[in-house]
Amino acid sequence: MLSQNHLHVSLLYIVLLTGTKYGCGGGGCGACTVMVSRYDQLHNRVLHYTVNACLQPICTLHGSAVVTVEGIGSTKTKLHPVQERIAKAHGSQCGFCTPGMVMSMYTLLRNKPHPTMEDIREALGGNLCRCTGYRPIIDGFKTFCDVSNAFNLFPQASFAMMTPGKNDCVLNKYLIPCQISDELFHMDNVLPLDPSQDLIFPPELMRMGKKRACGSLCFQGDRLKLISPVDLTNLLELKTEYPEAPVVVGNTTIGTNLLLCHLCIYCPFVEITFQLFVIYLLCVHVHAGVSVGAVCTLSSLKEEMEMAVREMEAERTRGYQALLQTLRCLAGKQIRNMATIGGNILSANPKYDLNSVLAALDCTLQVMSKGTVGQKLFTGFGKTALRPDEVLLSIDIPYSKPWEFVSAFRQAQRREFAFSIVNAGMKVVFKEGSNIVESLNIYYGGVGPTLVKVGLTPQALRCSALGRCATQEAACRFSDHVSLFHFKTSDIDPSEALGMTGVVTFLSAGDVPGQNRRMWFNNPEELFAEEEVTCVGQIIGAVVAESREQARRAAQRVKVTYQDLLPVFFTIEEAIQHQSFFDPKRKLERGDMDKAFETVDQILEDEIYLGGQEHFYMETQGLIAVPKGENGELELFVASQHAAYTQEVVGITLGIDSNKITCHVRRLGGAFGGKVMKIASLSAITATAAVKTGRAVRCVLERGDDMLITSGRHPFLGQYKVGYNNDGTIMAADITYYSNGGCTLDESSFIMEKALLHMDNAYRIPNLRGRGLVCKTYLPSYTAFRGFGGPQGLMVMESVLHEVAVKCGLPPQKVREINMYREEECYTHHKQLFSPRDMLRCWDECLDKAGYHDRLQAIQQFNTYNRWKKRGISAVPMKFGVGFSKGFYNQGAALVNIYKDGSVLVAHGGTEMGQGINTKALQIAGRILKVPMSSIHIKETCTGNVPNAAPSAASFGTDAVGMAVKVFQRSLVSDLFVLSRQLPWTMTIGVGKTAQTDLGPGYEGTAYYYFTFGACCSEVEIDCLTGDHKNLRTDIVMDVGESLNPALDIGQIEGGFVQGIGLYTIEELQFSPEGVLMTRGPSQYKIPALCDVPPQLNVHLLANAQNPHAIYNSKGIGEPPVFLASTIFFAIKEAVAAARRERGLGDSFPLSSPATAERIRMACEDQFTEMAPSPKKGTFKPWSINI
Ligand SMILES: Cc1cc2nc3c(=O)[nH]c(=O)nc-3n(C[C@H](O)[C@H](O)[C@H](O)COP(=O)(O)OP(=O)(O)OC[C@H]3O[C@@H](n4cnc5c(N)ncnc54)[C@H](O)[C@@H]3O)c2cc1C
Ligand code: FES
Ligand code: FES
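Keep in mind the model is a prediction, meaning the values are calculated, not measured.

Caption draft 1: Examining the sheet that holds strand E31 (residues 661-665) more closely. Overall, mixed pairing links the five strands, which are arranged E32-E29-E30-E31-E42 in an open sheet. With one partner strand each, in any of the chains shown, strand E32 (697-700) and strand E42 (941-942) form the two edges of the open sheet. By the bridge criterion, two bridges tie E31 to E42 in an arrangement that is antiparallel. In the strand pairing of E42, His664 is matched with Cys942. Sheet strands touched by helix H18 (residues 643-654): strand E30 (634-638) and E31. Its angle to E31, the strand with the most contacts, is close to 145 degrees.

Caption draft 2: Molecular detail of the pairing of strand E44 (residues 1010-1023). In terms of burial, E44 is largely enclosed, as 14 of its 14 residues are buried. Both faces of E44 are covered, namely the face carrying Tyr1010, Thr1012, Gly1014, Cys1016, Ser1018, Val1020 and Ile1022 and the face carrying Phe1011, Phe1013, Ala1015, Cys1017, Glu1019, Glu1021 and Asp1023. Note: strand E38 (residues 869-882) against E44, 14 bridges, orientation antiparallel. Opposite Lys879, over in E44, you have Phe1013 as the bridge partner. Across 10 bridges, the pairing between E44 and strand E45 (residues 1029-1039) is antiparallel.

Caption draft 3: Focus on the UniProt feature "binding site: [2Fe-2S] cluster 2" (unreviewed entry) in the chain. Sites flagged by UniProt as "binding site: [2Fe-2S] cluster 2" (unreviewed entry) map to Cys94, Cys97, Cys129 and Cys131. Across 38 residues in sequence, these annotated residues keep their C-alpha atoms within 9.4 Å of one another, forming a single compact spot. Structurally, the position occupied by Cys94 is in the loop between helix H2 (81-88) and helix H3 (98-111). For Cys94, a relative accessible area of 11% puts it in the buried group. Leaving out residues up to four positions away in the same chain, Cys94 has contacts with Cys131, Leu668, Gly669, Gly670, Met913 and Gly914. Positionally, Cys131 belongs in the loop between helix H4 (117-124) and helix H5 (135-141). Assessed through its relative accessible area of 5%, Cys131 is described here as buried.

Caption draft 4: Focus on the side chain of Lys754. Its location among the elements puts Lys754 in helix H21 (residues 748-757). In this structure Lys754 comes out as buried when scored by relative accessible area, which is 4%. The residues touching Lys754, leaving out its near neighbours within four places in the chain, are Gly787, Phe788, Gly790, Phe880, Gly881, Gly883, Tyr1008 and Glu1119.

Caption draft 5: Highlighting a nonpolar patch on the surface. Together, Leu1025, Phe1168 and Met1171 give the surface a local cluster of nonpolar side chains, amounting to about 320 Å² of exposed area. Among the secondary structure elements, Met1171 is positioned in helix H32 (residues 1167-1171). When its relative accessible area of 65% is taken as the criterion, Met1171 is described as exposed.

Caption draft 6: Quick look at the site of ligand 1. Near ligand 1, the surroundings consist of 33 residues, among which Gly250, Thr252, Thr253, Thr340 and Asp353 are the closest. The backbone of Asn251 places a nitrogen or oxygen atom 2.9 Å from an oxygen atom of ligand 1. Separating an oxygen atom of ligand 1 from a backbone N or O atom of Ala418 is a distance of 3.3 Å. Summarising the interface, the protein chains cover 94% of the accessible area of ligand 1, which totals 970 Å² for the free molecule. If you list the elements that add at least two residues to the shell around ligand 1, you get strand E7 (247-248), helix H8 (254-260), helix H12 (341-346) and strand E14 (391-398). In terms of residue count, the dominant contributor to the shell around ligand 1 is H12 (four residues). Its residues placed into classes, the shell around ligand 1 shows 19 nonpolar, 12 polar and two charged.

Caption draft 7: Here's a closer look at the pattern of salt bridges. Counted according to the given criterion, the structure contains 56 salt bridges. For Glu573, the salt bridge goes to Lys1177, with nearest N and O atoms at 2.8 Å. Note that Glu573 is positioned in helix H16 (residues 572-578) and Lys1177 in the segment after H32, a separation of 604 residues in sequence. By relative accessible area, Glu573 is classed as partly exposed at 45%. Bridged by salt links that share partners, the residues Glu122, Lys302, Glu306, Lys333 and Arg336 form one connected network.

Caption draft 8: Just the packing of aromatic side chains, in detail. Under the defined criterion, the tally for this structure stands at 19 aromatic pairs. Taken together, Tyr821, Phe834, Tyr1008, Phe1011 and Phe1013 form an aromatic cluster joined through their ring pairs. The ring of Phe1149 has Lys1133 lying over it, and the distance from NZ or CZ to the ring centre is 5.2 Å.

About the criteria used
Residues numbered from 1 in each chain as written. Chains lettered and ligands numbered in written order. Predicted model: local features only at pLDDT ≥ 70, side-chain atom pairs only at ≥ 80, totals over all residues. Heavy atoms only, no water. Pairing = 2+ DSSP bridges. Helix = DSSP H or I, 4+ residues; strand = E, 2+ residues; numbered from the N terminus. Contact = heavy atoms within 4.5 Å. Axes fitted to C-alpha atoms, helices over the stretch in contact; angles between N-to-C directions. Buried < 20%, exposed > 50% of the residue type's maximum accessible area, 1.4 Å probe, protein only. UniProt positions renumbered as here; feature names shortened; annotations may be inferred. Patch = residues over 30% accessible without salt bridge, like charges linked within 9 Å, V, L, I, M, F, W, Y side chains within 5 Å. Areas by Shrake-Rupley, 256 points an atom, 1.4 Å probe, with all protein chains shown as cover. Salt bridge = Lys/Arg side-chain N within 4 Å of Asp/Glu carboxyl O. Near = heavy atom within 4 Å. Polar contact = N/O pair within 3.5 Å; in protein donor to acceptor, adjacent residues only side chain to side chain. Nonpolar A, V, L, I, M, F, W, Y, C, P; charged D, E, K, R; others polar. Phe/Tyr/Trp six-rings, centres within 6.5 Å; stacked < 30°, edge-to-face > 60°. Lys NZ or Arg CZ within 6 Å of the ring centre and 35° of its normal.

Right under this line is the structure:
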């Protein structure tokens, strides 16, 4: 029986195959990619194409075959070459994106067994990965290209490991063929691609397709009816019978709207699918142009346009070239395979790209109508003049005429796979043989509720030769949300929800058997809000139902009555005004600030604001709680980075001892610090539900809820006063850090502590003071995120260095060098002794390998010759502390069992979330015990096996776990040595005990166990007119000591760096003035995609590096690389400065992070930005606020 929602999203829910992943539900991540095959009667062939299963209604698949990742191969049978190669190339870290990546590549190979790099790039453009940084995925897949084809993407993605005894790989400069790094993985013995082994299209479907006999189909769910008409007459009849029923074609607008608007799914309604019959399905060349069927997919449209451009004279296809330019970056491949041109037009969403171009081209829409069409096609946001009984049949796109020129533009948050912020279509017609403009069509989308036409040109999109496009202008904003920020909950009424089908129970604070709070270093946080709600996104209650849809529907029906409370504020600025800070306030100081400021040549006072960041782990937070039915025992299968903490919180909530609660963690689909704290609250709530109902309860957050509830990296404001001399030497820096902590403290004070401990970075500033204040605001509470305050603390200091260089008129790199720690024995500002030798080596080698000085000159030349494009280059050094500043957390725990047959079982306290901790633990165990890795097995993380383990965080997981495995096994090996003199290895008696090693450094002075060093140099190009930027090249030299596993370490470096690209350039969280998070999914919040990775990304591991403080001389690497992406930010700043210099403007200008297209554009002040001056603060209500 299909439920209403199953009619829509069944592929993921009802086939019960778990390989296909659910990352967002809105077509925005690609984790759910599957291959659909369908018989194409027109061309007598089988089409294979990818779709996003989350948006694919099951009913529209009648007659199609669907292949999921399980269908192509598995470890149980045999891997498909695509699966094998992504694995061998280390292209799978947490693995959550992998099935989607595999299916995209598999489908490409089904259609084209010898793809080009461009084909691969296009196929993977709609698949996001949060872990790898994409390079290893591409490295694995490009092995399917002919060598002659393997150019273009990551042309220089070769990786040099300067290991002792090996020659340093001299990296390629520009434009050379890509190399598949045989240092990181070997291609010997890989399975060849053999298309004859692929699944065949089921013959019965072929027969069915050939007959095309199916009549009208009707699918009836409990709330929704889906009818597929047999022909056009039938469609129009149905439209008359059900005038309000939407026509569902690709479902990419309707499906996402359903997800966003939960209320829609309560109203019973009818949908009519428009897919199963062919009416104007394809493009037909008619005398004056191409007539495109309204249900033609964007992929087919693209192919048709490409063919026309290839085969026709260039003059006639100028319009098609413009259309192609837009189509290439419109959504990802999967969406383009589903979405139709008709749907794109009739969604009437000004952010959609095609309308502006089609309007500029004077296209005509053919509408099947019983009457005439209104004068305007677009009557408002999401509204058209089409009557309910009308359908769009086709769009006529004319050929271009001589003297006609067309252009299309779009600017988005991300270069590809992102809705445009603004788009434009322009056509100019000159009088023959002259430069006299006869007509000009300019249309803008994204700047109003409908398409906006510039000037007074005659016609636009004509409906059946009638009607013109609307040219209204108004502000297009996100819809206003109910604001619920600071309220007293006077009444919660779940009665309506409880009466709904499938609802089992409702829980709130009163149902918690133990304590309704989660403690963290004596700071309590309520699980369910009891009296006061302090942010939008706070949990008040929970509905338990038989299915996820029922629970979601019912949750909307719980009535909560609120009573307003004051004050309410969200921003750091407002918190400072209200003096609203959490305790403790932190301060670190060395030297004598006052004296230093008296003697310096110059004093500079400035500030930098850094926005927050969403973790966007591909797998949202979730768990299953299972009551065991005996003595109150409970088992939790939970996605937690800190199983022991989850166990503790659940115990306190239920009022039972920890020994009755067992948490199991097999692996996590990414975490990045986001699954330490909040998952514990979620677990406690779910456990309460399991205990109350006596049944297993599962809780998985939808992407939007996850983003809203669990929050992410803290926004920071760094205000500084710096004293420096004219030669660039910084004598004193007094920095105040403010972070936005949200409504509870969570880990904010430790994060602030880490920011302060990192504020000196690589620089010996004799007088340095840092103050840290965590602002208490009415926002969801911010929490740990890879780097834990380090990326913010370091960024403020680098901003100081950059601005001092600008003021002194010196190259920033020179000022950095002048101020670096240089002596063999240095003390940090928190009095930790260290040697900066390897840091300086990283820096020198990075500049050298990047060819920094030569390229700086080349960039200056480029900038001289280009008015609207500018380039910039920047390099930064890095010193990053590894481990927890709280010493007692720096301990590892492991249990090693050796069985009679000689096999070894290792269980440790760390959690595998893609960072490779299990692989490294295996390596260490194998090395100590001198047994092959194949004899060792790593078990899940389980609080029953390894108790009280520390979180896997702070780049310290491997150090801690590795050392525990080593310490334990050493003692075990010596025990065993005695035995093994009498018994062969395989007969040695099984022994088991846990080893705990306390590796904790003392706190005073030595805050960290050691430092990981690195340096990075990046070059970018900006478009001064649109604010767009391209990452051109990055060189990283990283000191990881003696790498335990270079492939894993490089994977962490690249993945962290790419995450940093997101932090400093494109990931922007938008809050309404009412404090409501508006960016709640991949459609609004853009993490880096394949297009954001610099095409030339060179990663080097520093040779001859040692680290006596950690396991086998290695170093922790998880967190440090995030900060290296600040080079992209500063390179952008350099490029903007070059543009400003040309206009006689100063090099010194404010630029907040992330450096989005909008900020870059406005910083490149010119005659155009002058036309749009920023309104005065207080004179308007902003649509979004900088929190
Ligand atoms: C992740 C994602 C990214 C995207 N990125 C972009 C982007 O970068 N640029 C961009 O322009 N768009 C983008 N889109 C939007 C996408 O292009 C449109 O959703 C798509 O073109 C709509 O077509 P559809 O067939 O899926 O329409 P549906 O969702 O099936 O229908 C949309 C609307 O049009 C109506 N309709 C459709 N066809 C007809 C017809 N023939 N007659 C009458 N009514 C009809 C439907 O009733 C419905 O109201 C993106 C969408 C997603 C999900
Ligand atoms: S889950 Fe389908 S695209 Fe994200
Ligand atoms: S491996 Fe791609 S999201 Fe984790």
